[in-house]
Amino acid sequence: MAETKKTEEEVVETEEVVEESTESEEIKETKNDESYEKELAKLKEEVNTWKTDYYKVFADMENSKKRLEKEHQNSMKFMMQSFIEELLPVLDNFERSLNVENQSEEVATFLKGYQMIFDQLMAILKKNGVEVIEAEGKEFDPNFHQAVMTCNDENFGHNIVVQDLQKGYKLKDRVIRASLVKVNE
């Protein structure tokens, strides 16, 4: 009997130890669950921070890409401007030579060839975005024309270009040289 009493006491003590350990395990589990939730919240916050940083960097790269493309397009668009500015006096002289009054048979043959060369040159310039600014018979526009003379001609309306003294040119949408014109008052 003494042995059964001891065994019963041991069983009771073992049950108490088991109950205490399960209670402590439950407390540990809830503490672990709380720490896991905190860890999960912390990791989610870190993921959101990384995502935000990624989107910011991506947007910056896209903006830089667009800006560089625009700068490249503008530089390509207007890279020929200085070349064309230097070429304009040559074009002017070419046109003057084509307007020669002495029309002998020999000169007329040369002028025909020069006209073909001039037309070819103008076609190449037009292909590359160079356009002649139309002036004669149009209303005076200070953005495209420079008035160097005025006159009173009843055949033309007020503020109309009477004569184009020197052709103006523009490259794409930029004026390279304004037309020198005579304007009716």
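The shown structure was predicted, so the numbers you read here are calculated from the model rather than taken from an experiment.

(A) Examining the side chain of His 145 more closely. The topology assignment puts His 145 in strand β2 (residues 145-151). Once you skip the residues sitting within four places of it in the chain, His 145 turns out to touch Ile 133, Glu 134, Ala 135, Glu 139, Phe 140, Val 161, Ala 178, Ser 179 and Val 181.

(B) The pattern of salt bridges, seen in detail. In total, this model carries 3 salt bridges according to the counting rule given. Linking Glu 71 and Arg 67 is a salt bridge whose minimum nitrogen-to-oxygen distance equals 3.6 Å. Pair noted here: Glu 71 and Arg 67 are both in helix α1 (residues 2-78), with a separation of 4 residues, about one helical turn. We classify Glu 71 as partly exposed; its relative accessible area is 43%. For Arg 67, a relative accessible area of 45% puts it in the partly exposed group. Between Glu 95 and Lys 167 there is a salt bridge whose closest N-O contact spans 2.8 Å. In this pair, Glu 95 sits in helix α2 (residues 81-98) while Lys 167 sits in the loop between β3 (161-166) and β4 (168-171), placing the two residues 72 residues apart along the sequence. Glu 95 gets classed as buried once you look at its relative accessible area, which sits at 17%.

(C) Looking closely at α2. Here α2 is 18 residues long and its end C-alpha atoms lie 25 Å apart, about the 26 Å a rise of 1.5 Å per residue gives. Along α2, the helix axis deviates most sharply at Leu 87, where the bend reaches about 30°; the proline Pro 89 sits within four residues downstream. Those residues of α2 not exposed but buried are Gln 81, Ile 84, Leu 87, Leu 88, Leu 91, Asp 92, Phe 94, Glu 95 and Leu 98.

(D) Local environment of helix α3 (residues 105-127). Here α3 spans 33 Å end to end across 23 residues, near enough to the 33 Å set by a 1.5 Å rise per residue. Taken together, the buried positions of α3 are Leu 111, Phe 118, Met 122 and Leu 125. On its buried face, α3 sits against α2, β1 (130-133) and β4. Once α3 ends, the next one or two residues include Gly 129, with phi positive near 95°.

Rules and cut-offs
- Residues numbered from 1 in each chain as written.
- Predicted model: local features only at pLDDT ≥ 70, side-chain atom pairs only at ≥ 80, totals over all residues.
- Heavy atoms only, no water.
- Helix = DSSP H or I, 4+ residues; strand = E, 2+ residues; numbered from the N terminus.
- Contact = heavy atoms within 4.5 Å.
- Salt bridge = Lys/Arg side-chain N within 4 Å of Asp/Glu carboxyl O.
- Buried < 20%, exposed > 50% of the residue type's maximum accessible area, 1.4 Å probe, protein only.
- Expected span 1.5 Å × (residues − 1).
- Bend = angle between axes of the 7 residues up to and from the residue.

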